[in-house]
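# Structural overview for review
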There are 2 protein chains.
Amino acid sequence: MGIWFTEKQTENFGITMKVKQTLHTEQTDFQKLDMIETEEWGNMLLLDDMVMTSVKDEFVYHEMVAHVPLFTHPQPEHILVVGGGDGGVIREVLKHPSVKKATLVDIDGKVIEYSKKFLPEIAGKLDDPRVDVCVDDGFMHIAKSENEYDVIMVDSTEPVGPAVNLFTKGFYAGIAKALKDDGIFVAQSDNPWFKADLIRSVQKDVKEIFPITRLYTANIPTYPSGLWAFTIGSKKYDPLEVPAERFHEIDSKYYTKELHKAAFVLPKFVQDLVK
Amino acid sequence: MGIWFTEKQTENFGITMKVKQTLHTEQTDFQKLDMIETEEWGNMLLLDDMVMTSVKDEFVYHEMVAHVPLFTHPQPEHILVVGGGDGGVIREVLKHPSVKKATLVDIDGKVIEYSKKFLPEIAGKLDDPRVDVCVDDGFMHIAKSENEYDVIMVDSTEPVGPAVNLFTKGFYAGIAKALKDDGIFVAQSDNPWFKADLIRSVQKDVKEIFPITRLYTANIPTYPSGLWAFTIGSKKYDPLEVPAERFHEIDSKYYTKELHKAAFVLPKFVQDLVK
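Just so it is clear, the structure is predicted and the values come from calculations on it, not from any experiment.

### Here we look at the pairing of strand β4 (residues 42-47) of chain A
Residue and element names in this part refer to chain A. Counting buried residues in β4 gives 5 out of 6 residues, a clear majority hidden from the surface. Relative to β4, strand β3 (residues 32-38) runs antiparallel, the two sharing 6 bridges. Looking at β4, one finds that I36 is bridged to M44. With 4 bridges connecting them, β4 and strand β5 (residues 50-54) associate as antiparallel partners. Directly across from M44, in β5, lies its bridge partner S54. Counted between consecutive antiparallel strands, the loop separating β4 from β5 contains 2 residues, among which D48 sits at a positive phi close to 50°.

Here you go:
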């Protein structure tokens, strides 16, 4: 059999995959970090034994976090990514010509360092001149920002460990303050099969702060249940009412302008969570 | 840790789940059959060590196989289900009041027998008076049918073992003959992440026989990659052009009339498979 990595996605269910080699492993100041080479998914980043991203399927998550809000906003220029130290969201953000500056704030510099080393396809754009990389607490960075960003993307780990503050109503209120008057934010929101309560409570909190709140999903095979949810909070622009002329050509493997809309059409049991 | 069942979905990747107990296990004339009780998914049917259906997530597959073609057809009366011995598709078919007769042809009577015993939520409608259950070879049943069915649903196992004939162009030609002049068929078509070649070749074969060929997907967490594909071949009615008045209320947990359309909007890498 050889070496296999197994992630318990719930107490009683998980995914398991063959490991070619472990490239790096350490306990950082914030979390356990492993970089492994897998047979099925290529190089893969694990944090606290959970799959964060893999070379083979990373495009889904990174495209869907970035392009849905960026095509919703008519002129996204200043972007903040909270978390996302692997650089995948930044890479997608830079595909939008309107973007002048993209700030990445990840609490764990080691994630950035080892992503650059072992995931160059993903992290390769972190050195772009439009990118400002800060190793800092995203919650604190948000708290001291005001009227600054067009789009904020929360590319966090799960609400255990260092990301626990990023799933609170106080954080969403801070995001609203950090955004300009017509700003949009998106946050990864785990999955509807095992984390229905989380999705429900995030939706409730965001709805109390943002006039437009939406949920959309994408298929990510290395994430629990294969169905991943994203919450959007927007002050002015509705992701469901993007004028056709706003969509420009984009190099993508998952996102299309048709899928932009279809991703918001939820299975009935998911729709019921956000009512 | 206790007892865990692991399905290798590829050589190097799989899912693993905790087993409360094994309810039944036998080598039938056609395949290895296991009925297990799992902590996460409830009772579950395995054939040749592959997950077929589970009480917790079965609704996705069964609703999406049944309702997409049945709402596409204006008056579906005679239905054939090939495979599907667990009875889940039949249960969904019977929710359509136009249906007069639904024939189930499964090659393995043991699947039917043990589904009735251990999956009553799924198999409970197999005794409905509108249902005709035949233990027979689906390929042969199709070969001797002509101009008989409004909708045919192929709810088969993977193209290894007893279902290998059900993925051939000869089978699709037989289906076309067995359908009425305005008939529709749907077949489960595995997943785009690991079986791209299969999806491509099924699409090619079906396109040569049916004027309208479409692919749609649904999220099934216990199936490989969580993204499952379904192929439709139709002689007359396009599942993308269903008049609004054709949708009637239906008791569902996944399918909605909005999702009916959105399910055909494919991620770009899947769209590229069916071009």
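What follows picks up the thread again.
### Some thoughts on the sheet that holds strand β10 (residues 179-188) of chain B
Residue and element names in this part refer to chain B. The strand order across the open sheet built from 7 strands is β8-β7-β6-β9-β10-β12-β11, with neighbouring strands paired in mixed fashion. Strand pairing shows two members of the sheet lacking a second neighbour, β8 (131-135) and β11 (212-219), which therefore form its edges. Taking the axes of each pair of neighbouring strands and ignoring which way they run, one obtains an average angle of 15° across the sheet. Sheet topology places strand β7 (residues 101-106) next to β8; 5 bridges connect them, and they run parallel. Along β8, the bridge assignment pairs T103 with D132. Sheet strands touched by helix α6 (residues 169-178): β6 (78-83), β9 (149-155) and β10. Its angle to β10, the strand with the most contacts, is close to 140°.

### Describing the sheet that holds strand β9 (residues 149-155) of chain A
Residues and elements named next belong to chain A. Taking strand neighbours across the sheet as the criterion, the 7 strands line up as β8-β7-β6-β9-β10-β12-β11 in an open arrangement whose pairing is mixed. In the strand order of this sheet, the two ends are held by β8 (131-135) and β11 (212-219), each with one partner. For this sheet the average axis-to-axis angle between neighbouring strands, irrespective of direction, equals 15°. With 5 bridges connecting them, β9 and strand β10 (residues 179-188) associate as parallel partners. Bridged to V154 within β10 is A187. Taken strand by strand, helix α6 (residues 169-178) contacts β6 (78-83), β9 and β10, and its axis lies near 140° from that of β10.

### Description of the pairing of strand β12 (residues 227-234) of chain A
For a regular strand, the rule is simple: side chains alternate between the two faces of the sheet. All names here are of chain A. Most of β12 sits out of view: 8 of its 8 residues are buried. Side chains L227, A229, T231 and G233 project from β12 onto one buried face, and the interleaved W228, F230, I232 and S234 project onto a second face that is buried too. Bridge count for β10 against β12 is 5 bridges, and the pairing is antiparallel. Each residue of the ladder has a partner; that of Q188, found in β12, is F230.

### Section: the UniProt feature "binding site: spermidine" (unreviewed entry) in chain A
Residue and element names in this part refer to chain A. Here, UniProt's "binding site: spermidine" (unreviewed entry) annotation points to H62, D86, D155, S156, T157 and E158. Looking at the element boundaries, E158 is found in the loop between β9 and α6. A relative accessible area of 12% places E158 in the buried class.

### Notes on the interface of chain B and chain A
Taken together, the 40 residues of chain B in the interface contact 40 residues of chain A. With both sides pooled, the region where chain B packs onto chain A buries about 3200 Å², and carbon together with sulfur makes up 68% of that total. Contact with chain A buries area across many residues of chain B, yet B:N12, B:F13 and B:W193 alone supply 21% of it, more than any other trio. Along the contact surface separating chain B from chain A lie 0 salt bridges. Summed over the shared surface of chain B and chain A, the result is 14 residue pairs in polar contact (both at pLDDT 80 or more). Mapped onto the side of chain B that touches chain A, the elements with two or more residues apiece are β1 (4-10), β2 (13-27), α1 (58-72), α8 (257-262) and α9 (268-271) of chain B. Among the elements that make up the side of chain B that touches chain A, the one with the highest residue count is β2(B) (6 residues). Taken together, the residues that form the side of chain B that touches chain A break down as 19 nonpolar, 11 polar and 10 charged. Strand direction decides the pairing type here: strand β2 (residues 13-27) of chain A and β2(B), joined by 5 bridges, are antiparallel. Bridge pairing links A:F13 to B:M17 in β2(B).

### Remarks on the packing of aromatic side chains
In total, this model carries 38 aromatic pairs over all chains according to the counting rule given. Measuring from centroid to centroid gives 5.1 Å for A:F13 and B:W41, while their planes differ by 80°, and the two rings are edge-to-face. Of this pair, A:F13 sits in strand β2 while B:W41 sits in the loop between β3 (32-38) and β4 (42-47), each in a different chain. In this structure, A:F13 and B:W41 share a single accessibility class: buried. Each ring, one from B:Y114 and one from B:F118, has its centre 6.4 Å from the other, and the planes form 10°; the classification is stacked. Within this pair, B:Y114 and its partner B:F118 are both found in helix α3 (residues 109-118), separated by 4 residues, close to a single helical turn. A single burial state applies to B:Y114 and to B:F118, both of which are buried. Chaining the aromatic ring pairs together yields one cluster made of A:F13, A:W193, A:F194, A:F269, B:W41 and B:F59.

### With respect to the environment of B:D238
All names here are of chain B. On the secondary structure map, D238 appears in the loop between β12 (227-234) and α8. Here the alpha-carbon distance between D238 and R214, two residues 24 residues apart in the chain, equals 8.6 Å. Not counting residues up to four positions away in its chain, the partners in contact with D238 are T72, I212 and R214.

Each value, and the rule that gives it
- Residues numbered from 1 in each chain as written.
- Chains lettered and ligands numbered in written order.
- Predicted model: local features only at pLDDT ≥ 70, side-chain atom pairs only at ≥ 80, totals over all residues.
- Heavy atoms only, no water.
- Buried < 20%, exposed > 50% of the residue type's maximum accessible area, 1.4 Å probe, protein only.
- Helix = DSSP H or I, 4+ residues; strand = E, 2+ residues; numbered from the N terminus.
- Pairing = 2+ DSSP bridges.
- Axes fitted to C-alpha atoms, helices over the stretch in contact; angles between N-to-C directions.
- Contact = heavy atoms within 4.5 Å.
- UniProt positions renumbered as here; feature names shortened; annotations may be inferred.
- Buried area = accessible area lost by both parts, 1.4 Å probe.
- Salt bridge = Lys/Arg side-chain N within 4 Å of Asp/Glu carboxyl O.
- Polar contact = N/O pair within 3.5 Å; in protein donor to acceptor, adjacent residues only side chain to side chain.
- Nonpolar A, V, L, I, M, F, W, Y, C, P; charged D, E, K, R; others polar.
- Phe/Tyr/Trp six-rings, centres within 6.5 Å; stacked < 30°, edge-to-face > 60°.

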